[in-house]
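Each chain, letter by letter, is given below.
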Amino acid sequence: MRTALSAIAIGTSLACACHLASAQTVTVTQEGYGNTSLAEQVGATTSIPNLTLGATATITQVGYSNHVGGPGASSSGIFQRNNREGGALAVVDQNGSGNNASITQDGTVSFSGAVTGSITQRGALNDATIRQLIATTSIATVEQNGIANLARLEQLGSGDTRIQATQNGIANRLAVRQIDSGLAGPHITQNGDGNTVSVLLDNMGGAGTNIVQTGLLNSASTVQTDGIASTITITQLGWGNRAEARQTGDDHVATINQDGINNFASVTQNRPLDSGLGNTALIAQLGYSNSATVRQYGLGYVANVNQAGSANWTSIYQH
């Protein structure tokens, strides 16, 4: 049996004489093959703070070739914009193969609720994208289980940001980008076979980045720039390990821990923006083609490198 269903849901705020905007709620459930869903929610605002319920969109798809938005994030499946009070919630749950989902939350500056985007995908060839722009208390969560998963998470000009990405399977790819966003940065966990992660934070604010990878072709790369309480922690277990970290500003600490086979680690940390100490880099590698490079340019220094087994090489440059 084949079910092909296309749903387009558009929510706009309603107002009554008491200036109290109504909630926007979209719920879609689809089963079968070739499903497509789109939801747009715009403008839940009120002149009386804390009284709106905000915007909520939930899309569930079971089957194959399901789409929440255009393939490869060419268009957003759930688009929430300018929903001020009560925040915004977008949830996508897909079970099957060939799924893609995209959420965009834009201009939702809420003082009474979080802006949350969540995508869960189970199956093969999954593709997930979450973009949050100019949002407060913005939370992005992606969980993927299966083969050939791809996830992109982006937060621009947002505050109190949180990113949680978990990929479990084979041929995972993950890219995270934060620009002019602050406080708690991304947290990433991958368990599987062609692991790779790239994380970019720009202005930061609080501590940023925490990456855990288990299994086979590991790689991780992060960049953090202007700082405050900067921190990077990378842990990788097994096979083609490679990790790079780069920080410019404030209180630095970068910890890289790699266990087994083709290890390489590099940490570059720069001078803090003000008179704090900054710097510190701890690298521990166990097993085979080890190499470690630590470069630190300003104020606090400290570097601790511990390598055991095979072709060890360490280069530390502190100024």
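One numbering rule holds for all chains: residues counted from 1, following each sequence as written. Local features in this predicted model are restricted to residues of pLDDT 70 or higher, and side-chain atom pairs are both shown and tallied only at a pLDDT of 80 or more, whereas totals for entire chains, interfaces and linings draw on every residue. Side-chain figures throughout are based on the complete set of non-hydrogen atoms in the structure, without hydrogens or water.

1. Things to note about the overall build of the chain
Threshold: Strands here mean DSSP runs of E at least two residues long; helices mean DSSP runs of H or I at least four residues long; both are numbered from the N terminus. Burial classes follow relative accessibility: with a 1.4 Å probe on protein chains only, a residue under 20% of its type's maximum area counts as buried, one over 50% as exposed, and anything between as partly exposed. Residue contacts follow a heavy-atom distance rule, with two residues in contact if any of their heavy atoms lie within 4.5 Å.
Assigned secondary structure in the chain consists of zero helices and 26 strands. The buried share of the chain, reckoned over its 319 residues, is 47%. Intrachain contacts of the chain at a sequence separation of at least 6 include 42% that bridge at least 24 residues.

2. Points about the pattern of salt bridges
Defined as follows: Think of a salt bridge as a Lys or Arg side-chain nitrogen and an Asp or Glu carboxyl oxygen that are within 4 Å of each other.
Within the structure shown, the criterion is met by five salt bridges. With its nearest N and O atoms 3.7 Å apart, the salt bridge here joins D106 to R81. Of this pair, D106 sits in strand β8 (residues 100-106) while R81 sits in strand β6 (residues 78-81); the two residues are 25 residues apart in sequence, bridging distant segments of the chain. Under the relative-accessibility criterion, D106 is labelled buried at 16%. Looking at R81, the relative accessible area reads 43%, which means it is partly exposed. Residue E244 pairs with R242 through a salt bridge whose shortest N-O separation is 3.5 Å. In this structure E244 comes out as partly exposed when scored by relative accessible area, which is 30%. On the accessibility criterion, R242 (41% relative accessible area) is partly exposed.

3. Considering the sheet that holds strand β9 (residues 115-124)
The pairing of strands in a sheet happens through backbone hydrogen bonds and is either parallel or antiparallel. The following threshold applies: Think of it this way: DSSP has to see at least two bridges between two strands before they count as a pair. Under this scheme, a helix contributes an axis fitted over its contacting stretch, all axes are lines through C-alpha atoms, and angles between N-to-C directions fall in the 0 to 180 degree range.
Taken in spatial order, the 12 strands of this open sheet run β2-β4-β7-β9-β11-β13-β15-β17-β19-β21-β23-β25, and their pairing is parallel. The open sheet terminates on both sides in strands that have one partner only, identified here as β2 (24-33) and β25 (303-308). Across this sheet, the average inter-strand angle for adjacent strands is 0°, counted without regard to direction. Relative to strand β19 (residues 232-237), strand β17 (residues 210-214) runs parallel, the two being bridged by five bridges. Pairing of T214 across the sheet is with L237, part of β19.

4. What to know about the pairing of β17
On β17, burial follows the alternation: I211 and Q213 on one face are buried, whereas N210, V212 and T214 on the facing-out side are not. Pairing geometry for strand β15 (residues 186-192) and β17, over four bridges, is parallel. By the bridge assignment, T189 is partnered in β17 with V212.

5. A look at unusual backbone geometry
For the bond from G260 to I261, the omega torsion is 10°, close enough to zero to count as cis. The residue L125 is not glycine, and still its phi comes out positive at about 60°. Tracing the sequence through the fold places L125 in the loop between β9 and β10 (127-133). Notably, N279 is not glycine yet its phi reads approximately 55°, a positive angle. Within the secondary structure, N279 sits in the loop between β22 (265-269) and β23 (281-286). Under the relative-accessibility criterion, N279 is labelled buried at 2%.

6. Some points on the side chain of Q296
Just so we agree on the cut-off: By the criterion applied in these results, polar contacts are pairs of N or O atoms within 3.5 Å in which, for protein atoms, one can donate a hydrogen and the other can accept it, and in which residues neighboring in sequence qualify only through two side-chain atoms.
Residue placement: Q296 occurs in strand β24 (residues 292-296). Residue classification places Q296 among the buried residues on the basis of a relative accessible area of 0%. A polar contact of 3.4 Å, which involves the side chain of Q296, links it to the backbone oxygen of V302. Excluding residues within four positions of it along the chain, Q296 makes contact with Q269, N279, T280, A281, Y301, V302, A303, Y317, Q318 and H319.

7. Let's talk about the confidence of the model for the chain
Keep in mind that low pLDDT regions are not for reading the predicted coordinates in detail. Put simply, the rule reads: A residue's pLDDT is simply how confident the predictor is in it, with values from 0 to 100.
In this model, the chain carries an average pLDDT of 78, and 80% of its residues clear a pLDDT of 70 or more. Highest mean pLDDT in the chain belongs to strand β5 (residues 67-68) (93); lowest belongs to strand β1 (residues 6-12) (38). Note that residues 1-22 has pLDDT below 50 and, in this model, 50 contacts with residues that lie over four places away or in other chains.

8. Quick look at the nonpolar core
Note the cut-off: To qualify as a nonpolar core, a set must consist of buried Ala, Val, Leu, Ile, Met, Phe, Trp, Tyr and Cys residues joined through side-chain atoms within 4.5 Å.
The biggest cluster of nonpolar side chains holds 40 residues, and the ones touching the most others in it are I78, I119, L153, L174 and I188. The element best represented in this core is strand β16 (residues 197-201), accounting for three residues. Once you skip the residues sitting within four places of it in the chain, L174 turns out to touch A151, L153, A165, Q167, I188, Q190, T196, V197 and S198.

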